[in-house]
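Single-letter residue listing:
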Amino acid sequence: MEELNLFVKSIFIDNMIFAYFLGMCSFLAVSKNVKTALGLGIAVTFMLTVTMPINYALDKYVLQEGALSWLSPSLASVDLSFLGLIMFIAVIASGTQLVEMAVEKFSPSLYASLGIFLPLIAVNCAILGGALFMQQKDFGSAVTATVYGFGSGIGWLLAIVGIAAIREKIAYSNIPAPLRGVGITFIITGLMGIAFMSFLGIKLG
Amino acid sequence: MLSKKNKEALFNPLSKDNPVLVQILGICSTLAVTVSLEPAIVMGIAVITVMAFSNVIISLIRNTIPTTIRIIVQLVVVAALVIMVQQFLVAYNYDVSKQLSVFIGLIITNCILMGRLEAFALNNKPWPSFLDGIGNGLGYSIILVIVAFFRELLGSGTIFGFQVIPQWCYDHGYENNGLMILPPMALITVACIIWVHRARNTELQEN
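The present account deals with the structure reproduced in this document. Keep in mind the model is a prediction, meaning the values are calculated, not measured.

1. Section: the overall build of chain A
Along the backbone of chain A there are nine helices and zero strands. When the helices and strands of chain A are listed from N to C terminus, the series reads α-α-α-α-α-α-α-α-α. Each principal axis of the C-alpha atoms in chain A carries an extent, and together these give about 70 × 45 × 30 Å. The long-range fraction of contacts in chain A, counting pairs at least 24 apart against all pairs at least 6 apart in sequence, stands at 75%. A total of about 9200 Å² of accessible surface is found on chain A, and carbon and sulfur atoms cover 70% of it. With 10 positive and 10 negative side-chain charges, chain A shows a spacing of 16 Å between the two charge centroids.

2. Overview of the overall build of chain B
Broken down by element type, chain B carries ten helices and two strands. Ordered by position in the sequence, the α and β elements of chain B form the string α-α-α-α-α-α-α-α-β-β-α-α. Taken along the three principal axes of its C-alpha coordinates, chain B extends 65 × 45 × 30 Å. Counting every position in chain B, which comprises 207 residues, the buried fraction comes to 51%. Across chain B, every contact between residues at least 6 apart in sequence was considered, and the portion connecting residues at least 24 apart equals 74%.

3. Overview of the interface of chain B and chain A
The interface is formed by 40 residues belonging to chain B together with 40 residues belonging to chain A. Overall, the association of chain B and chain A removes approximately 3400 Å² of surface from exposure, summing both partners, and the carbon and sulfur fraction of that is 84%. Taken together, the links from chain B to chain A amount to zero salt bridges. Inspection of the region where chain B meets chain A yields zero residue pairs in polar contact (both at pLDDT 80 or more).

4. Observations regarding the pattern of salt bridges
Residue and element names in this part refer to chain A. Within this structure, the stated rule accounts for four salt bridges over all chains. Between K60 and D138 there is a salt bridge; the shortest N-O distance is 3.6 Å. Of this pair, K60 sits in helix α3 (residues 34-63) while D138 sits in the loop between α7 (125-137) and α8 (142-169); the two residues are 78 residues apart in sequence, bridging distant segments of the chain. Looking at K60, the relative accessible area reads 26%, which means it is partly exposed. Residue class for D138 comes out partly exposed when judged on its relative accessible area of 49%.

5. So, empty space enclosed by the protein
For the coordinates displayed, the defined rule picks out one cavity of 30 Å³ or more. Of the pockets and cavities examined, the largest cavity occupies roughly 70 Å³. Lining of the largest cavity is provided by C25 and C125 of chain A together with G26, C28, S29, M43, F103, L106, I107, T109, N110 and C111 of chain B. The residue inventory of the lining of the largest cavity, partitioned by class, reads eight nonpolar, four polar and no charged.

6. Details of the packing of helix α3 (residues 37-60) of chain B against helix α8 (residues 126-156) of chain B
Residues and elements named next belong to chain B. Where α3 meets α8, the axes come as close as 8 Å, and the angle between the chain directions of the two elements is 165 degrees. As summarised for this structure, α3 and α8 are arranged roughly antiparallel, according to the angle between their axes. For the crossing formed where α3 meets α8, the hand is right-handed. Taken together, the residues that form the contact of α3 with α8 break down as 19 nonpolar, eight polar and two charged.

7. Things to note about a nonpolar patch on the surface
All names here are of chain B. A surface patch of nonpolar side chains, amounting to about 370 Å² of accessible area, comprises I142, I146, F149, F150 and L154. Here F149 is to be found in helix α8. Looking at F149, the relative accessible area reads 32%, which means it is partly exposed.

8. As for the packing of aromatic side chains
Residue and element names in this part refer to chain A. Applying the stated criterion across every chain, the model contains twelve aromatic pairs over all chains. For the ring pair F18 and F196, a centre distance of 4.7 Å and an interplane angle of 45 degrees mean the geometry is tilted. Residue F18 is located in the loop between α1 (2-13) and α2 (24-29), and its partner F196 is located in helix α9 (residues 182-196); the two are separated by 178 residues in the primary sequence. What makes F18 buried here is its relative accessible area of 5%. A relative accessible area of 16% places F196 in the buried class. With centroids separated by 5.4 Å and ring planes inclined at 75 degrees, the aromatic side chains of F196 and F199 adopt a geometry described as edge-to-face. Members of the aromatic cluster, joined through ring pairs, are F12, F18, F196 and F199.

9. Considering the layout of surface pockets
The calculated volume of the second largest pocket comes to roughly 660 Å³. Along its surface, the second largest pocket is lined by 20 residues, and Q135 of chain A together with Q86, V90, K98 and S101 of chain B are the ones closest to its centre. Among the elements that take part in the lining of the second largest pocket, helix α4 (residues 70-92) of chain B stands out by supplying four residues, more than any other. Taken together, the residues that form the lining of the second largest pocket break down as eight nonpolar, ten polar and two charged.

10. Re the nonpolar core
The tendency in soluble globular proteins is for nonpolar side chains to be buried side by side. With 111 residues, the main nonpolar core has L22, M24, F27, W156 and F186 of chain A together with M43 and I107 of chain B as its most contacted residues. It is α3 of chain A that provides the largest number of residues to this core, a total of ten residues. Setting aside anything within four residues of it in sequence, one finds F27 of chain A in contact with I17, W156, A159, I160, I163 and T189 of chain A.

So, how was this worked out
Residues numbered from 1 in each chain as written. Chains lettered and ligands numbered in written order. Predicted model: local features only at pLDDT ≥ 70, side-chain atom pairs only at ≥ 80, totals over all residues. Heavy atoms only, no water. Helix = DSSP H or I, 4+ residues; strand = E, 2+ residues; numbered from the N terminus. Contact = heavy atoms within 4.5 Å. Areas by Shrake-Rupley, 256 points an atom, 1.4 Å probe, with all protein chains shown as cover. Lys, Arg positive; Asp, Glu negative; His and termini not counted. Charge placed at Lys NZ, Arg CZ, Asp CG, Glu CD. Buried < 20%, exposed > 50% of the residue type's maximum accessible area, 1.4 Å probe, protein only. Buried area = accessible area lost by both parts, 1.4 Å probe. Salt bridge = Lys/Arg side-chain N within 4 Å of Asp/Glu carboxyl O. Polar contact = N/O pair within 3.5 Å; in protein donor to acceptor, adjacent residues only side chain to side chain. 1 Å grid on protein atoms, 1.4 Å probe; cavity = no way out; pocket = protein on both sides within 12 Å on 5 of 7 lines; lining within 4 Å. Points joined across faces, edges and corners; volume = space filled by probe spheres on them. Nonpolar A, V, L, I, M, F, W, Y, C, P; charged D, E, K, R; others polar. Axes fitted to C-alpha atoms, helices over the stretch in contact; angles between N-to-C directions. Parallel < 35°, antiparallel > 145°, perpendicular 65-115°, else oblique. Left-handed = near helix turned anticlockwise from the far one by under 90°. Patch = residues over 30% accessible without salt bridge, like charges linked within 9 Å, V, L, I, M, F, W, Y side chains within 5 Å. Phe/Tyr/Trp six-rings, centres within 6.5 Å; stacked < 30°, edge-to-face > 60°. Core = buried A, V, L, I, M, F, W, Y, C linked by side-chain atoms within 4.5 Å.

Treat this as a map of the structure, not an account of what it does.
So, in structure tokens, the structure goes:
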């Protein structure tokens, strides 16, 4: 039940885009049509779900203060948490590389449709941000962390598909010239954010 | 020292080629750290420092990096610099580092950094790269400060934490606009800045 609650919360209330603005760059650049937006959304969801348990294990068994005590009791006082950033980004970058190779080998059609977005998600802040929030929230188990990663990914996917659909609809609207393109996208995202705030306080069970 | 090309590298990013308004890079942190001025300025300084030095380092080793692994090399250099900035902040300004929380760490994936490393530092000598880093960092910080100024003024009625809207305004029914502190208004503030900026620089408008 707790997991389900966390899942819903990470989609609607702690939405990566509307509450924390993570992954904004690709959100703005790749939301011109729904199909590519969906592809990128799936790639990000997948990466978040895969890297979250790895980073969780890394944090719990290597980086935290005293985390190395399972190796030998003399290491109990070692605190490597300042290395967190560099370890997380290494996991994410190499994970992206691996996923890219695997997808290319086993499903060339998916690889072709994702194209350049796959390597780009290594520098998508939503994924590193997910890992950092996971560290901050201090989850009890790897399952909870994975659920959080999956939920955040779905939230990101919803947001980018939503904005892409709206941008397709307004393509022929008469917008003031200086606002065309990026400006109006910012305003729509802001309005969607205000709408998403109405989910605040949702709690299951 | 400051030839014409170097001057361009330093000053163009301030307005005509602004990383936030024109190149649309590094939006995440622009929006998230601008509730009030102090964290915005600290964030700006952190980004300027990391940008300038990562540009110099990458520019120094640009001829020895194999192109196939350059992204990883860049990420490692940037991550190491960010860790230094983070430890420095925790040691000397703990309150602000708590307010910025994960966003200092997220400088690593700030697209301005990767963008400038790829587009400039890989093909230029260290000194112009340093200036380019400073220029882009400044361009980014300016937007940060403008957004934070309006959000703090309208949202809390303060600037740098000092009350600037006098008490008699409140007595006559003025209210702080609570919406300004919430995340969505950051987007709309940036949209307004883009609007003004593009109205003045018509060549930037999209069709």
